[in-house]
Amino acid sequence: MFVLLIPIMGIPSNDTWGGLKGRALSTIAFGAASGVSISPLVRAVAAVDPSVVPLALAATVFVFGCFSVSAMLTGRRSMLFLGGVLGSALSILVLASLVNSLVGGSRALFGLQLYGGLVLFSLFVAFDTQMIIERACLGDRDVVRHAADLFLDFLNIFVRLLVI
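Treat the numbers as computed from the prediction; the structure is a model and nothing was measured. (Residues numbered from 1 in each chain as written. Predicted model: local features only at pLDDT ≥ 70, side-chain atom pairs only at ≥ 80, totals over all residues. Heavy atoms only, no water.)

A. Molecular detail of the overall build of the protein chain. Broken down by element type, the protein chain carries six helices and zero strands. Compactness check: the protein chain gives a C-alpha radius of gyration of 17 Å against a globular reference of 15 Å for 164 residues, within 12% of the reference. Principal-axis analysis of the C-alpha atoms places the extent of the protein chain at approximately 45 × 35 × 35 Å. Within the protein chain, contacts between residues at least 6 apart in sequence are counted, and of these 75% link residues at least 24 apart. Summed over all atoms, the accessible surface of the protein chain reaches about 9,500 Å², with 74% contributed by carbon and sulfur. Averaging the locations of the 10 positively and 8 negatively charged side chains of the protein chain gives two centres separated by 3 Å. (Helix = DSSP H or I, 4+ residues; strand = E, 2+ residues; numbered from the N terminus. Rg over C-alpha atoms; globule rule 2.2 N^0.38 Å. Contact = heavy atoms within 4.5 Å. Areas by Shrake-Rupley, 256 points an atom, 1.4 Å probe, with all protein chains shown as cover. Lys, Arg positive; Asp, Glu negative; His and termini not counted. Charge placed at Lys NZ, Arg CZ, Asp CG, Glu CD.)

B. Spatial organisation of the packing of helix H3 (residues 52-73) against helix H5 (residues 107-137). Between H3 and H5, the shortest axis-to-axis distance is 8 Å and the interhelical angle comes to 40°. Considered as vectors, H3 and H5 are oriented oblique to each other. For the crossing formed where H3 meets H5, the hand is right-handed. Taking contact as the criterion, the partners of Val63, Phe64, Phe67, Ser68, Ala71 and Met72 in H3 are, on H5, Ser122, Leu123, Val125, Ala126, Thr129, Gln130 and Ile133. Taken together, the residues that form the contact of H3 with H5 break down as nine nonpolar, four polar and no charged. (Axes fitted to C-alpha atoms, helices over the stretch in contact; angles between N-to-C directions. Parallel < 35°, antiparallel > 145°, perpendicular 65-115°, else oblique. Left-handed = near helix turned anticlockwise from the far one by under 90°. Nonpolar A, V, L, I, M, F, W, Y, C, P; charged D, E, K, R; others polar.)

C. Looking closely at H3. An ideal rise of 1.5 Å per residue puts 32 Å on 22 residues; H3 measures up with 31 Å between its terminal C-alpha atoms. Buried within H3 we find Val53, Ala56, Thr60, Phe64, Ser68 and Ala71. Considered in projection along H3, the buried side chains sweep an arc of 90° and stay on one side of the axis. In H3, the exposed positions angled more than 90 degrees off the buried face are occupied by Leu55, Phe62 and Leu73. (Expected span 1.5 Å × (residues − 1). Buried < 20%, exposed > 50% of the residue type's maximum accessible area, 1.4 Å probe, protein only. Arc of directions from axis to C-beta.)

D. Examining the nonpolar core more closely. Grouped together as the largest cluster of nonpolar side chains are 22 residues, with contacts concentrated most on Leu86, Phe124, Ile157, Phe158 and Leu162. When contributions to this core are tallied by element, the ones reaching two or more residues are helix H2 (17-48), H3, helix H4 (82-103), H5 and helix H6 (143-163). No other element matches the seven residues that H5 contributes to this core. If near-sequence neighbours (up to four positions away) are discounted, Phe124 is found in contact with Leu86, Gly87, Leu90 and Asp153. Ranked by size, the runner-up nonpolar core spans five residues in total, among them Leu5, Ile8, Val144 and Ala148. (Core = buried A, V, L, I, M, F, W, Y, C linked by side-chain atoms within 4.5 Å.)

E. Expanded view of the side chain of His146. Mapping His146 onto the fold places it in helix H6. Apart from the residues lying within four places of it in its own chain, the contact partners of His146 are Ile132, Arg135 and Asp140.

F. Structural detail: the layout of surface pockets. There is about 330 Å³ of room inside the largest pocket. Lining the largest pocket are Leu90, Leu93, Val94, Ser97, Phe110, Gln113, Leu114, Phe121, Asn156, Val159, Arg160 and Val163. In terms of residue class, the lining of the largest pocket is built from eight nonpolar, three polar and one charged. (1 Å grid on protein atoms, 1.4 Å probe; cavity = no way out; pocket = protein on both sides within 12 Å on 5 of 7 lines; lining within 4 Å. Points joined across faces, edges and corners; volume = space filled by probe spheres on them.)

Right under this line is the structure:
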């Protein structure tokens, strides 16, 4: 999956049809690979209670929509200050995940990753929405990268709500 992110995030936006087409295909392949990677989790949750999966999906759409709309309705650049804090919090979550795998599965660290990650990626939706709006105002029309940013936020929220 990470190899598929290289052309999406790393290659600059190109106005030629071939560049856009290749990056869009990479995005579709990334989405498919993400679906395949979370399918065991979805299957396990559906085996316990089949109503949880649509409920988690609906809750994800609701959370995503609320944070996106709030980012669109607030003043320009008002949430962009969150970038540094969110990046630091993401680093802390990655470090907590590493420590948790070395310690042997602490419930407290797992809870921090789960609930902290839900809050973090919800805030990332607002931040990324405002960042996309600002970039679009400055002429950056890289829809492939913008879609990939929001897809990652959506996926992370969905997985966490599914586990909760």
